[in-house]
Amino acid sequence: MTHDPRPFGRLLTAMVTPFAPDGSLDVEGAAKLATYLVDEQRNDALVVSGTTGESPTTTDAEKETLLRAVVDAVGDRARIVAGVGTNNTAHTIELAHAAEKAGAHGLLVVTPYYNKPPQAGVAQHFLTVADAAGLPVMVYDIPHRAGTAIATETMCRIAEHERIVAVKDAKGDLTASSWVLSRTDLAYYSGDDAATLPLLSIGGVGLVGTSTHFTGVLAKDMIEAFERGDNAAALALHRRAMPLFTGIFRAPGTMLVKAGLNASGRPAGPVRSPLVEATADELAQLRTDAAAAGIGL
C-alpha cells in the first residue's frame, strides 16, 4: 500500500495548551499561539492535545473546544492532528470520533500506557481505533512514557492498515526504526528534536517537536537542507539548534515551553498540577540555551 510520503508535512509542533491565570482554558490564546506557530515558526501541522498539550489534565470537552479553536485559526493552511490516545481503546475511539467532528485532519494515537498490554493487545488497540476512525493515524511510539515499546513486527503488521500512515518515533532505537522503514511505507517523524537529522538519514521525513515553539524556523531549514542534498548545511543547522533541541528537556518540556512563551509575551499561562511552574533558575538556563542557538527569549 502506498501512502503520501509526508502525510503531515515536514514540521509539526506538539502545541502547549494555553490556560488563563485561573487555570481555565484560554481559547483566544490557543488561536493566537497556533497562528504564531504556523505563520512565524513555519509549521506544516500542529498536534493539539499531545503530552506537551497537557492532555492528561484536560477534559474531553476542553479537548474538543481547543481543537475547534485551532482548526478555525489555522486549519486552512496547516494540518491539525488531534491527540486522542489513551490506555482505553473504547475511550480512544470516542475521542477520535469527536476530533473528526471538530475538523481534525489526523489523529495521534499513543501506545496504551500503564496497563502494559502484550504485543497482540498493542496491535489490536491500533487496528481497532483505525477501523473505527475516518482519519489518518499517526502512531506514537514512546516506551519511556507508555511502558511498552511497539515491536518491529507489530509496527509492520499495523502498517498494513490503510489509515495507519505515520509514526511519531520517540523510541530512541534507530536500528528498529530502520527495519520498519525498510519494510513499510510508514512516514517516520522524530519525536525527539535532537534525533531528527539522524532519523532523516535512514528515511525519516520530519519532526514532531517541542522546542519548535522557538526553533521551528531552524528545524524547517534543517529538514529542507537535508532534502535538497545539502548535508553540510543540515548538519550546521542541527548543531546550531542542539542547545535548545536538548535544553527544552532539562525539565518536563511543557514547563519550559510555557515559561519561555510567557517570558516572550506569548499565550501560555500556567501549567496544571501535577506539573509545576518552572523556577527562575530553570528559566535562566532556558534563556542561556536559547541564546546558544541564536534565539532570544
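Small disclaimer: the values here were computed from a predicted structure and weren't measured.

Mapped onto the fold, Asp-141 is located in strand 5 (residues 137-141). For Asp-141, a relative accessible area of 1% corresponds to the buried category. A distance of 3.2 Å separates the side chain of Asp-141 from the backbone nitrogen of Ile-150, its partner in a polar contact. Here Lys-171 takes part through its side chain, which lies 3.0 Å from a polar atom of the side chain of Asp-141. In contact with Asp-141, other than residues within four places in its own chain, are Thr-111, Ala-149, Ile-150, Met-155, Val-167, Lys-168, Asp-169, Ala-170 and Lys-171.

For the rest of this paragraph, the subject is the packing of aromatic side chains. Taken as a whole and judged by the stated rule, the model has one aromatic pair. Between the aromatic rings of Phe-8 and Tyr-189, the centroid separation amounts to 6.5 Å while the plane-to-plane angle is 55 degrees, which identifies the pairing as tilted. With Phe-8 in the segment before strand 1 (11-14) and Tyr-189 in strand 7 (residues 187-190), this residue pair connects regions lying 181 residues apart in the sequence. In terms of burial, Phe-8 and Tyr-189 fall into one category: buried. Here the basic side chain of Arg-272 rests over the ring of Phe-19, its NZ or CZ set 4.1 Å away from the ring centre.

Take the pairing of strand 3 (residues 79-83) next. Across the five residues of strand 3, four count as buried, placing the element largely inside the fold. Where strand 2 (residues 45-48) and strand 3 come together, four bridges link them in parallel fashion. By the bridge assignment, Ala-45 is partnered in strand 3 with Arg-79. Here three bridges tie strand 3 to strand 4 (residues 106-110), and the two strands are oriented parallel to one another. Counterpart to Val-81 in the pairing with strand 4 is Gly-106. In this view, the connection linking strand 3 to its parallel neighbour strand 4 by way of helix 3 (residues 89-101) has right-handed handedness.

Moving on: the UniProt feature "site: Part of a proton relay during catalysis" (unreviewed entry) in the protein. Taking the UniProt record as the reference, the feature "site: Part of a proton relay during catalysis" (unreviewed entry) is found at Thr-51 and Tyr-114. For Thr-51, a relative accessible area of 29% gives the class partly exposed. Filtering out sequence-adjacent residues up to four positions away, Thr-51 remains in contact with Tyr-140, Arg-145 and Thr-254. The topology assignment puts Tyr-114 in the loop between strand 4 and helix 4 (119-132). A residue is classified by how much of its surface remains accessible, and Tyr-114, at 74% relative accessible area, is exposed.

This next bit is on the sheet that holds strand 5. The eight strands are arranged 1-2-3-4-5-6-7-8 in a closed barrel whose pairing can be described as parallel. Each strand axis lies, on average, 25 degrees off the axis of its neighbour in the sheet, ignoring direction. Looking at chain direction, strand 1 and strand 2 are connected through three bridges and run parallel. Residue pairing across strands places Leu-12 opposite Ala-45, the latter belonging to strand 2.

Turning our eyes to something else, we now look at the UniProt feature "active site" (unreviewed entry) in the protein. Summarizing the sequence annotation, UniProt attributes the feature "active site" (unreviewed entry) to Tyr-140 and Lys-168 in the numbering used throughout. Across 29 residues of sequence, these annotated residues stay compact in space, with a maximum C-alpha separation of 4.7 Å. Secondary-structure assignment places Tyr-140 in strand 5. Not counting residues within four places of it along the chain, the set of residues in contact with Tyr-140 comprises Thr-51, Leu-108, Val-109, Val-110, Thr-111, Ile-150, Lys-168 and Ala-170. By the element assignment, Lys-168 lies in strand 6 (residues 164-169). For Lys-168, a relative accessible area of 6% gives the class buried. Those residues within four positions of Lys-168 in sequence are excluded, and the remaining contacts are Ala-14, Leu-108, Met-138, Val-139, Tyr-140, Asp-141, Tyr-189, Gly-191 and Val-208.

Counting residues in each nonpolar core, the largest one holds 81 residues, and the members touching the most others are Met-15, Leu-46, Leu-67, Val-70, Leu-107, Met-155 and Ile-164. What Met-15 contacts, discounting residues up to four positions off in sequence, is Ala-30, Leu-33, Ala-34, Leu-37, Leu-46, Val-47, Thr-52, Gly-53, Leu-66, Val-70 and His-213. Counting 18 residues, the second-largest nonpolar core is a separate cluster that includes Val-81, Leu-108, Tyr-189 and Val-205.

Let us look at the pattern of salt bridges. Within this structure, the stated rule accounts for 16 salt bridges. In this structure, Arg-163 engages Glu-162 in a salt bridge whose closest nitrogen and oxygen atoms are separated by 3.2 Å. Across the pair Arg-250 and Asp-289 runs a salt bridge whose closest N-O atoms are separated by 2.7 Å. Of the two residues, Arg-250 is situated in the loop between helix 10 (231-247) and helix 11 (253-263) and Asp-289 in helix 12 (residues 280-292); the sequence distance between them amounts to 39 residues.

This brings us to the side chain of Ser-177. Checked against the element boundaries, Ser-177 lands in helix 7 (residues 174-183). Look at Ser-177 and you get buried, because its relative accessible area is 2%. In this structure Ser-177 touches Asp-169, Tyr-188, Leu-199 and Ile-202, once residues within four positions along its chain are discounted.

The rules we used
- Residues numbered from 1 in each chain as written.
- Predicted model: local features only at pLDDT ≥ 70, side-chain atom pairs only at ≥ 80, totals over all residues.
- Heavy atoms only, no water.
- Helix = DSSP H or I, 4+ residues; strand = E, 2+ residues; numbered from the N terminus.
- Buried < 20%, exposed > 50% of the residue type's maximum accessible area, 1.4 Å probe, protein only.
- Polar contact = N/O pair within 3.5 Å; in protein donor to acceptor, adjacent residues only side chain to side chain.
- Contact = heavy atoms within 4.5 Å.
- Phe/Tyr/Trp six-rings, centres within 6.5 Å; stacked < 30°, edge-to-face > 60°.
- Lys NZ or Arg CZ within 6 Å of the ring centre and 35° of its normal.
- Pairing = 2+ DSSP bridges.
- Right-handed = clockwise from strand over helix to strand, strands pointing away.
- UniProt positions renumbered as here; feature names shortened; annotations may be inferred.
- Axes fitted to C-alpha atoms, helices over the stretch in contact; angles between N-to-C directions.
- Core = buried A, V, L, I, M, F, W, Y, C linked by side-chain atoms within 4.5 Å.
- Salt bridge = Lys/Arg side-chain N within 4 Å of Asp/Glu carboxyl O.

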